[in-house]
Amino acid sequence: MNTGLKITAFAAAIAATFGTAYGVGTSIDPVVAKKPPTAHDEHAEAGEGAGGKAAGGHESAPAGGLQISEGGYTLALDTPRVAAGTSSVLSFSVKDESGRKVTAYQREHGKELHFIVASRDLTVYRHLHPTRAADGTWSVRAELPAAGGYRAFADFKPAKKGATGVTLGADLAVSGKAEPAALPPARATAEVDGYRVSLDGALAPGKANELKLTVTKDGKPVTNLQPYLGAYGHLVALRAGDLAYLHVHPNGEPDDGVTEPGPEVSFTATAPSPGAYRLFLDFQHEGEVRTAAFTVDVPAGGADATTGAKPSAEPGKTEEADGHGH
């Protein structure tokens, strides 16, 4: 082979190698964060998925759950695939940078770790409460009704001194015939099991705004909500498309002398970018936890969001209505 042909063949081999590497890199979760996490209040969240500035010149707020590994911690799913419509045990662990399972956590909102599972189309949502074995393995039984792609989130704060909160995300497959649904349109109310929840407030890119959710039943305000996870409500927000996880902080807490047990539950949230978001409110009343789901549109250009919600089905029959995992 002459010199010209040798150089051409060598260049082609390099191109093929890098092409293969690119294909693999875009099909799986990154293993290591590209930069150290930034702190947000008590949480450290991954900013790579929503980094930079949002449309309209707003600085993007960090979003979590986009990476399987961040800040020296990795979410390891022992059961990355389950069957649709069957009760299955989900098993996982959080490993440190040495590959050891983490066994010590700080309790936040009443739990050492919050485990969220949501379908990629955001029509199925589960806030589950796993138990931890002595060796650091977490497990919980769950039934996921629809086949397709899901995302599992572990939201926690390690026990070591100075640690900040971390949210990791990993893909979960549910086998069966998959028929992804369209994202429900934005509406201002959601109904579940005879309760009506109204959403007031706006999300905006890079701007902290207050969201107020008002709970009524049979047309009357619910003024005796029961504490759930250290508050009168627990709110999770996920961005449609990549399922970026937003930390939403409750304003006030039970027995603080100020916060009333309903009908309003208040949160402060920041959108990392324009786009559509799905909000899931868990609230407890008469000894049962229920979930109200909302779709929120955050426009570009710095304008506040149009907020609203629509139940996925008839009242009391939504997937989100049983999203708390009890």
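Before reading further, recall that the structure is shown in the block above.
So, here's what we can say about the structure. Predicted, not measured: the structure shown is a model, and the values here were computed from it.

Procedures and definitions
Residues numbered from 1 in each chain as written. Predicted model: local features only at pLDDT ≥ 70, side-chain atom pairs only at ≥ 80, totals over all residues. Heavy atoms only, no water. Pairing = 2+ DSSP bridges. Helix = DSSP H or I, 4+ residues; strand = E, 2+ residues; numbered from the N terminus. Core = buried A, V, L, I, M, F, W, Y, C linked by side-chain atoms within 4.5 Å. Buried < 20%, exposed > 50% of the residue type's maximum accessible area, 1.4 Å probe, protein only. Salt bridge = Lys/Arg side-chain N within 4 Å of Asp/Glu carboxyl O.

**With respect to the sheet that holds strand E10 (residues 137-143)**
No. 1: The strand order across the open sheet built from five strands is E3-E4-E6-E10-E9, with neighbouring strands paired in antiparallel fashion. Among the strands making up the open sheet, the edge pair consists of strand E3 (69-70) and strand E9 (131-132).
No. 2: Pairing analysis gives two bridges linking E3 to strand E4 (residues 73-77), with the strands arranged antiparallel. Note on E4: the bridge partner recorded for Ser69 is Thr74.

**Some remarks on the nonpolar core**
No. 1: Membership of the largest hydrophobic core comes to 28 residues, with the highest contact counts inside it found for Val197, Leu203, Leu213, Leu235, Leu279, Phe283 and Phe294.
No. 2: Those elements that provide at least two residues to this core are strand E13 (189-192), strand E14 (195-201), strand E15 (209-217), strand E17 (234-239), strand E20 (264-269), strand E21 (275-285) and strand E22 (288-298).
No. 3: Core analysis: the next-biggest nonpolar cluster, separate from the first, contains 27 residues, Ile68, Trp138, Ala154 and Phe156 among them.

**A short note on the pattern of salt bridges**
No. 1: All chains considered together, the criterion is met by twelve salt bridges.
No. 2: Of the charged contacts in the structure, one is a salt bridge between Asp96 and Arg100, with a shortest N-O distance of 3.7 Å.
No. 3: Residue classification places Arg100 among the exposed residues on the basis of a relative accessible area of 53%.
No. 4: Among the ionic contacts, a cluster of salt bridges with common partners joins Arg120, Arg151 and Asp171.

**Here's the deal with the sheet that holds E17**
Two pairing modes exist for strands in a sheet, parallel and antiparallel, and in both the strands are linked by backbone hydrogen bonds.
No. 1: Strand order in the open sheet formed by four strands is E18-E17-E21-E22, and the pairing between neighbours is antiparallel. Two strands lie at the open edges of the sheet, namely strand E18 (245-246) and E22, each paired on one side alone.
No. 2: Here E17 pairs with E18 via two bridges, running antiparallel. Its bridge partner lying in E18, Leu238 is registered against Tyr245.

By themselves, these are just geometric observations and shouldn't be taken as functional.
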